[in-house]
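Observations on the model geometry
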Amino acid sequence: MSSAQSLLESRPVSVAHLFLSRVRATPELEAYRYPAPVDDGASSGTEQWHSLTWAQAGERVKVIAAGLLALGVQPEERVAISSSTRVEWILADMGVMCAGAAATAVYPSTNADETAYILADSGSRAIFVENAAQLAKVVAHADRLPGLDHAILFDAQADATPVDGRLEVLSLAEFEKLGTAHLEEHPDAIEAAVGAIEREQLATLIYTSGTTGRPKGVRLVHDCWSYQGVAQEVSGLLHPDDVQFLWLPLSHVFGKALISGQIRTGHVMAVDGRVDRIITNLPAVRPTVMASAPRIFEKVYNGIASKARAEGGAKYKIFLWAAKVARDYARSQQNTVAATARRRVPLWLSVQHALADRLVYRKIRAAFGGNLRGSVSGSAALAADIGYFFAGAGVPVLEGYGLTETSAACTVNPADDLRVGTVGKPLPGTEVRIADDGEILLRGPGIMRGYHNLPEKTDEVLESDGWFHTGDIGEVDGDGFVRITDRKKDLFKTSGGKYVAPTEIEGRFKAVCPFVSNVLVIGNGRNYCTALIALDETVIMPWAASHDLEGRSYAEVVSSPQVHELIDGFVQRVNGELQRWQTIKKFSVLPRDLDVEHGELTPSLKVKRPVVEREYTEAIEAMYEGSREA
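Quick summary incoming for the structure in this document. Everything numeric here is computed off the predicted structure, so don't read it as measured data. Along each chain, residue indices are assigned from 1 in the same order as the chain's sequence is written. For this predicted model, a pLDDT threshold of at least 70 governs which residues receive local features, and a threshold of 80 or more governs which side-chain atom pairs are given and counted, while totals over whole chains, interfaces and linings are taken from all residues. Only hydrogens and water are set aside when side-chain values are computed; all heavy atoms of the structure are taken into account.

Considerations on the pattern of salt bridges
Short version of the rule: The term salt bridge refers to a side-chain nitrogen of Lys or Arg lying within 4 Å of a carboxyl oxygen of Asp or Glu. Only DSSP runs of H or I covering at least 4 residues are called helices, and only runs of E covering at least 2 are called strands; the numbering of each starts at the N terminus. Exposure classes here rest on a 1.4 Å probe applied to the protein chains alone. A residue is buried below 20% of its type maximum, exposed above 50%, and partly exposed in between.
Across all of its chains, the model carries 35 salt bridges by this definition. One salt bridge connects arginine 11 with aspartate 223, and the closest N-O pair in it is separated by 2.9 Å. Pair noted here: arginine 11 is in the loop between helix 1 (3-9) and helix 2 (15-25) and aspartate 223 is in helix 9 (residues 222-234), with a separation of 212 residues, a long-range link. Looking at aspartate 223, the relative accessible area reads 5%, which means it is buried.

Quick look at the structure:
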């Protein structure tokens, strides 16, 4: 038996066990960093990073767990968390686990109606809310939540006044006092609660962001998270001496899984979910590892390309040359790798790469903090050209693959054998099989135990022998690397009978067009393909200012003939790489970018295709006006 297999088979019962073990093993080491206002007696708005050791985090978690026990929360009863990513989210989640209860994750961007649905469907007894705005969503539908008795606020002081005479509201400080008092009376309460946890006991309910209908609650047990923690360690994804920057939403399964890995390895986690602070935080945190969604890398690349284009002349030519060298270098590394071979790059390319490194790549690495050995990307596909660019620039993006139903990661690229265009190899303990129709099937400890209150939906995707139907189409190569080719439900057929994988075309377009934010290829049942294209305002507006469009609004810019001609050039460039039936015959530039607020993107920034197609029906129909539908 290999050491990895041995570690997996001897994994702890739960992450609660992992957490208490970590606190005992390295109490004085740094666990978390988090930003907080400088206490200088003035309202300057200045922030600085603070730290919690594992011992300090352990004390906070035990007090929170004890507070839940004092409220009468029982094993597997649900406690919701509705907050942006911050250190209190992690402490609350660990407190829920150490009390033996189960956390219901609620995105802070979820509207009041859907928040109420999730709380009611999950049967949540209590909820941690970030602030008064999150509390207001709960209060608005309190009549639909007869089982919800307590709300605990991370921010601001609460006066513990019951809402409608029933919902008790506590500040986090008041709640922790309650927990402290409970521990004084029952000093061994948390160890006893953790000791009673069983592997198959419910730990988390995460509701999927459905494109139609109500979201489904995914039941993830304690063993799912314990497996994730150990699998991330034995796969080499995380190291004990890492500094990880966490900004991903913790209400999403990806962020949750990273916490399990961090607790297992014991490395430092810097936590700040404010997306507008990412660029500022990276040089301050200087992370060695970071997880992200592809959109962030696309925005970084587009920003670099746009800045170089604006500088023009020699600087733009140098960037284009360096970008090509980066891609060629990364491809050469990847293409010369075999099971027993070393990476060999031609001498001439190595010399060019060294020069490009001094001129361009060092600045890119510095923008990421200078220490980044790798960044894990998930939730959607990353365009291959962008992946090759960052790999060649020394910021390798390790694409992985997973779903809410698989407790996040089930495959990931190894740092020492990156294969751009794939989502890597299965994590130890996870099996992958390709069905006859090309669908990817998964089996392993991280697979959900079903959809909450939806046995029929569970039976549709989960077989009796444990195989889970992902709904994704893909393949496994001879070296065991998994490649996703499309979503089974997104793959469409033109009226001429040709199958089209829209995400492949969309990825190619994102790789060549530095101005794009989102793109949707349309063509199901149609006689040709079209595209809806949304542009990145931060990139297109500087271009517009230097092309006789200065002073125009974003909507005016994107509807201008100049922008249409600009984007058409990139469309034709992509079309030159496609089969005839895949080519984009017409396109429409949208008047605004897609966003979460309009329901067009999920909180993890995936495009909700049906929503966008409904929203822009007129634009789509206009692109097919006068065409013959066979």
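Regarding a nonpolar patch on the surface
The following threshold applies: For patches, a residue must show more than 30% relative accessible area and have no salt bridge; joins then use 9 Å for like charges and 5 Å for nonpolar side chains, namely Val, Leu, Ile, Met, Phe, Trp and Tyr. For the area figures, the Shrake-Rupley method with a 1.4 Å probe applies, and any residue is considered shielded solely by the protein chains shown.
Nonpolar side chains collect at one region of the surface, where Ile318, Leu355 and Leu359 lie side by side and expose about 220 Å² of accessible area between them. Here isoleucine 318 lies in helix 13 (residues 313-335).

A few points about the packing of helix 9 against helix 10 (residues 253-265)
Rules: Orientation is described by lines fitted to C-alpha atoms, with helices fitted over the stretch in contact, and by angles between N-to-C directions that extend from 0 to 180 degrees. In this scheme the crossing of two helices becomes right-handed for a clockwise turn of the near helix relative to the far one and left-handed for an anticlockwise turn of less than a right angle. Whether two residues are in contact is decided by their heavy atoms, any of which lying within 4.5 Å being enough. Basically, the charged four are Asp, Glu, Lys and Arg, the nonpolar ten are Ala, Val, Leu, Ile, Met, Phe, Trp, Tyr, Cys and Pro, and anything else, Gly included, counts as polar.
Interhelical geometry of helix 9 versus helix 10 gives an angle of 65° and a closest axis separation of 8 Å. Crossing of helix 9 against helix 10: the hand is right-handed. Mapping the contact onto sequence places Trp225, Gln228, Gly229, Val230, Gln232 and Glu233 in helix 9 and Val253, Lys256, Ala257, Leu258, Ser260, Gly261, Arg264 and Thr265 in helix 10. Tallied by class, the residues present in the contact of helix 9 with helix 10 amount to five nonpolar, six polar and three charged.

A word on the sheet that holds strand 5 (residues 126-129)
Going by this rule: Two strands are counted as paired when DSSP detects at least two bridges linking them.
With mixed pairing, seven strands are arranged side by side in an open sheet as 7-6-5-3-4-8-9. Every other strand in the sheet has two partners, leaving strand 7 (168-171) and strand 9 (217-221) as the edge strands with one partner each. If you compare each strand with its neighbour and ignore which way they point, the axes differ by 20° on average. With five bridges joining them, strand 8 (residues 202-207) and strand 9 adopt antiparallel strand pairing. By the bridge assignment for strand 9, tyrosine 207 is matched with glycine 217. Against the sheet, helix 5 (residues 112-122) engages strand 3 (78-82), strand 4 (102-106), strand 5 and strand 8, with an angle of about 165° to strand 4.

Some remarks on the nonpolar core
The condition that has to hold: Nonpolar cores were defined as sets of buried Ala, Val, Leu, Ile, Met, Phe, Trp, Tyr and Cys residues, with membership established by side-chain atoms within 4.5 Å.
One finds Phe19, Tyr32, Phe128 and Phe390 to be the most contacted residues of the largest nonpolar core, which totals 127 residues. Sort the elements by how many residues they give to this core and helix 4 (residues 87-98) lands first, with nine residues. Those residues within four positions of phenylalanine 390 in sequence are excluded, and the remaining contacts are Phe297, Val300, Tyr301, Ile364, Phe368, Val395, Pro396 and Val397. In terms of nonpolar packing, the next biggest core, distinct from the first, is built from 32 residues, Phe492, Ala531, Leu566 and Val574 among them.

What about the side chain of glutamine 582?
Formally: N or O atoms closer than or at 3.5 Å make up a polar contact, with two conditions inside protein: a donor-capable atom paired with an acceptor-capable one, and, for residues adjacent in sequence, both atoms drawn from side chains.
Topologically, glutamine 582 is positioned in the loop between helix 20 (561-575) and strand 25 (584-589). For glutamine 582, a relative accessible area of 12% puts it in the buried group. Reaching out from glutamine 582, the side chain makes a polar contact with the backbone nitrogen of glutamine 579 at a distance of 2.9 Å. Residue contacts for glutamine 582: discarding those within four places in its chain leaves Glu504, Ile505 and Cys529.

Some points on the sheet that holds strand 23 (residues 516-522)
Spatial ordering of the open sheet is given by 23-24-25, a layout of three strands whose pairing is mixed. What marks the edges here is a single partner per strand, and that holds for strand 23 and strand 25. Mean inter-strand twist for the sheet, computed between neighbouring axes without regard to direction, equals 25°. Those strands touched by helix 17 (residues 502-512) are strand 23, strand 24 (529-535) and strand 25, and its axis lies near 150° from that of strand 23. Here helix 20 sits on the sheet in contact with strand 24 and strand 25, set at roughly 145° to strand 25.

Focus: helix 14 (residues 347-367)
So the rule is basically this: One less than the number of residues in a helix, times 1.5 Å, gives the span that helix is expected to have. Two axes are fitted around each residue, one to the seven residues ending there and one to the seven starting there, and the angle between them is reported as the bend at that residue.
With 21 residues, helix 14 extends 28 Å between its outermost C-alpha atoms, agreeing within 8% with the 30 Å of an ideal straight helix rising 1.5 Å per residue. The largest bend along helix 14 measures about 60° and falls at aspartate 357. Taken together, the buried positions of helix 14 are occupied by Leu349, His353, Ala356, Asp357, Val360, Tyr361 and Ile364. Close packing links the buried residues of helix 14 with helix 12 (294-311), helix 13 and helix 15 (384-392). Where helix 14 ends, the next residue or the one after it, glycine 369, has phi of about 105°, a positive value.

Remarks on the environment of asparagine 281
With respect to the secondary-structure elements, asparagine 281 resides in helix 11 (residues 278-285). Overall, asparagine 281 belongs to the buried group, its relative accessible area being 2%. A sequence separation of 246 residues divides asparagine 281 from proline 35, and the C-alpha atoms of the two residues are 9.6 Å apart. When neighbours within four sequence positions are excluded, asparagine 281 is seen to be in contact with Trp49, Phe245 and Asp272.

As for the pairing of strand 17 (residues 431-434)
Here strand 17 pairs with strand 18 (residues 439-443) via four bridges, running antiparallel. Bridged to isoleucine 434 within strand 18 is isoleucine 440. Two successive antiparallel strands, strand 17 and strand 18, enclose a turn made up of four residues, where glycine 438 displays a positive phi of approximately 95°.

Let's talk about the packing of aromatic side chains
Inclusion rule: Whether two aromatic rings pair depends on their centres lying within 6.5 Å, for rings of Phe, Tyr and Trp, where Trp uses its six-membered ring; planes under 30 degrees apart make the pair stacked, over 60 edge-to-face, and the rest tilted. Only when the NZ of Lys or the CZ of Arg is both within 6 Å of the ring centre and within 35 degrees of the ring normal is a charge said to sit over the ring.
A full pass over the atoms with the stated rule returns 13 aromatic pairs. Judged by centre distance (6.2 Å) and plane angle (70°), the ring pair of phenylalanine 515 and tryptophan 543 falls under edge-to-face. With phenylalanine 515 in the loop between helix 17 and strand 23 and tryptophan 543 in helix 18 (residues 537-545), this residue pair connects regions lying 28 residues apart in the sequence. This pair shows no difference in class: phenylalanine 515 is buried, exactly as tryptophan 543 is. Three or more aromatic residues joined by ring pairs make a cluster, and in this case those are Phe297, Tyr301, Phe319, Phe368, Phe389 and Phe390. Positioned above the aromatic ring of tryptophan 467, the side-chain terminus of arginine 433 is 4.6 Å from the ring centre. Across the ring face of tyrosine 624, the terminal group of arginine 526 is positioned such that the distance to the ring centre comes to 4.3 Å.

Observations regarding unusual backbone geometry
With the exception of glycine, the majority of residues adopt a negative phi angle, and the majority of peptide bonds are in the trans configuration. For glutamate 76, which is not glycine, the phi torsion reads 70° and is therefore positive. Structurally, glutamate 76 can be placed in the loop between helix 3 (54-70) and strand 3. The backbone of aspartate 548 shows a phi angle near 65°, a positive value even though the residue is not glycine. Residue aspartate 548 is classed as exposed on the basis of its relative accessible area, which comes to 72%.

Remarks on the packing of helix 3 against helix 7 (residues 172-185)
Rules: Geometric relationships in this document are graded by angle, where less than 35 degrees denotes roughly parallel, more than 145 denotes roughly antiparallel, 65 to 115 denotes roughly perpendicular, and other angles denote oblique.
At a minimum axis distance of 7 Å, the contact between helix 3 and helix 7 shows a crossing angle of 85°. By the criterion of interaxial angle, the relationship of helix 3 to helix 7 is roughly perpendicular. Here helix 3 contributes Arg60, Lys62, Val63, Ile64, Ala66, Gly67, Leu68, Leu69 and Ala70 to the contact with helix 7, which in turn contributes Leu172, Phe175, Glu176, Leu178, Gly179, Thr180, His182 and Leu183. Grouping the constituent residues of the contact of helix 3 with helix 7 by class yields 10 nonpolar, four polar and three charged.

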